[in-house]
Amino acid sequence: MRYLTIALAKGRTAKDSILLLEKAGLNCDDLKKDSRKLIFEDDINKIRYIFVKPADVPIYVEYGSADIGIVGKDVLLEERCRLYEPLDLGFGICSMAVAGPVSTEFDYKKTYRIATKFPNIASDYFSAKGMDVSIIKLSGSVELAPIIGLSDLIVDIVETGTTLKENGLDVKEKILDISTRLVVNKVSMKLDDKRIIDIIERLEKLVFGGGI
């Protein structure tokens, strides 16, 4: 029996992902240890876990280096990979929004410079509104961009809104709601459909049965 590889996103959803998999009956003991390892193997159940940056999860899954992935919907929309997305796992809930200085009025008729870590999502949103904007891609704290004049507005993930408020910014318009999703490689689904479907069904019972 070959190993099934599950790609987990580092960062804010990692603990919730591990907890959910553990509740679904998978052995996650090694994942909870304080370690710098990036690959963990469950030899008994033939499952391999890998930790990667969130933006890389769908890429690993699309190209078959991982069979299954757990990652936010924001990443899936931005990376546009060809995957099966069978389940909304219901955690890591936040939203993608247009934000900017409190004093700035958001007007569909105006031209803006937009700083964001999500250029594809931002471009699609403003194009759908028929707005003329310039997208500036950043990798760090996009909240800084309108403060120092690099951009007029930002498109970013908003959880509590505290960071925006502390920097004199507020939400102008919500783009979409975001949560963590389960994704599956299309070829893997054909090769190991029974094992993968079993994992999906276990997780589904937890999500819809209120077991998370």
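Rules used in this analysis
- Residues numbered from 1 in each chain as written.
- Predicted model: local features only at pLDDT ≥ 70, side-chain atom pairs only at ≥ 80, totals over all residues.
- Heavy atoms only, no water.
- Helix = DSSP H or I, 4+ residues; strand = E, 2+ residues; numbered from the N terminus.
- Buried < 20%, exposed > 50% of the residue type's maximum accessible area, 1.4 Å probe, protein only.
- Contact = heavy atoms within 4.5 Å.
- Areas by Shrake-Rupley, 256 points an atom, 1.4 Å probe, with all protein chains shown as cover.
- Lys, Arg positive; Asp, Glu negative; His and termini not counted.
- Charge placed at Lys NZ, Arg CZ, Asp CG, Glu CD.
- Phe/Tyr/Trp six-rings, centres within 6.5 Å; stacked < 30°, edge-to-face > 60°.
- Lys NZ or Arg CZ within 6 Å of the ring centre and 35° of its normal.

### Considerations on the overall build of the chain
- Regarding its fold elements, the chain presents eight helices and eleven strands.
- With the C-alpha coordinates of the chain rotated into their principal frame, the extents come out at 60 × 35 × 35 Å.
- Among the 212 residues that make up the chain, the fraction classed as buried is 46%.
- For the chain, restricting intrachain contacts to residue pairs at least 6 apart in sequence, the fraction spanning at least 24 positions comes to 67%.
- Taken as a whole, the chain presents about 11400 Å² of accessible surface, with 49% of it coming from carbon and sulfur.
- Looking at the chain, you have 31 positive and 33 negative side-chain charges, and the mean spots of the two groups are 2 Å apart.

### Observations regarding unusual backbone geometry
- Positive phi, normally seen in glycine, also occurs at Lys46, with a value near 55°.
- Checked against the element boundaries, Lys46 lands in the loop between strand E2 (39-42) and strand E3 (47-52).
- You can call Lys46 partly exposed: its relative accessible area is 27%.
- The phi angle at Arg80 is positive, at roughly 55°, despite the residue not being glycine.
- With respect to the element layout, Arg80 can be found in the loop between helix H3 (73-79) and strand E5 (84-88).

### Quick look at the packing of aromatic side chains
- Counting across every chain of the model gives four aromatic pairs.
- Measuring from centroid to centroid gives 5.9 Å for Phe40 and Phe51, while their planes differ by 90°, and the two rings are edge-to-face. Of this pair, Phe40 sits in strand E2 while Phe51 is found in strand E3, placing the two residues eleven residues apart along the sequence. An identical accessibility class is assigned to Phe40 and Phe51; each is buried.
- Residues Tyr125 and Phe126 carry aromatic rings whose centres are separated by 5.0 Å and whose planes lie at 75° to one another, so their mutual orientation is edge-to-face.
- A connected cluster of aromatic rings, assembled from ring pairs, spans Phe106, Tyr108 and Tyr112.
- Above the plane of the ring of Tyr3 lies Arg48, whose end atom (NZ or CZ) is 4.8 Å from the centre.
- Lying across the ring of Tyr84, Lys186 places its NZ or CZ 5.6 Å from the centre.

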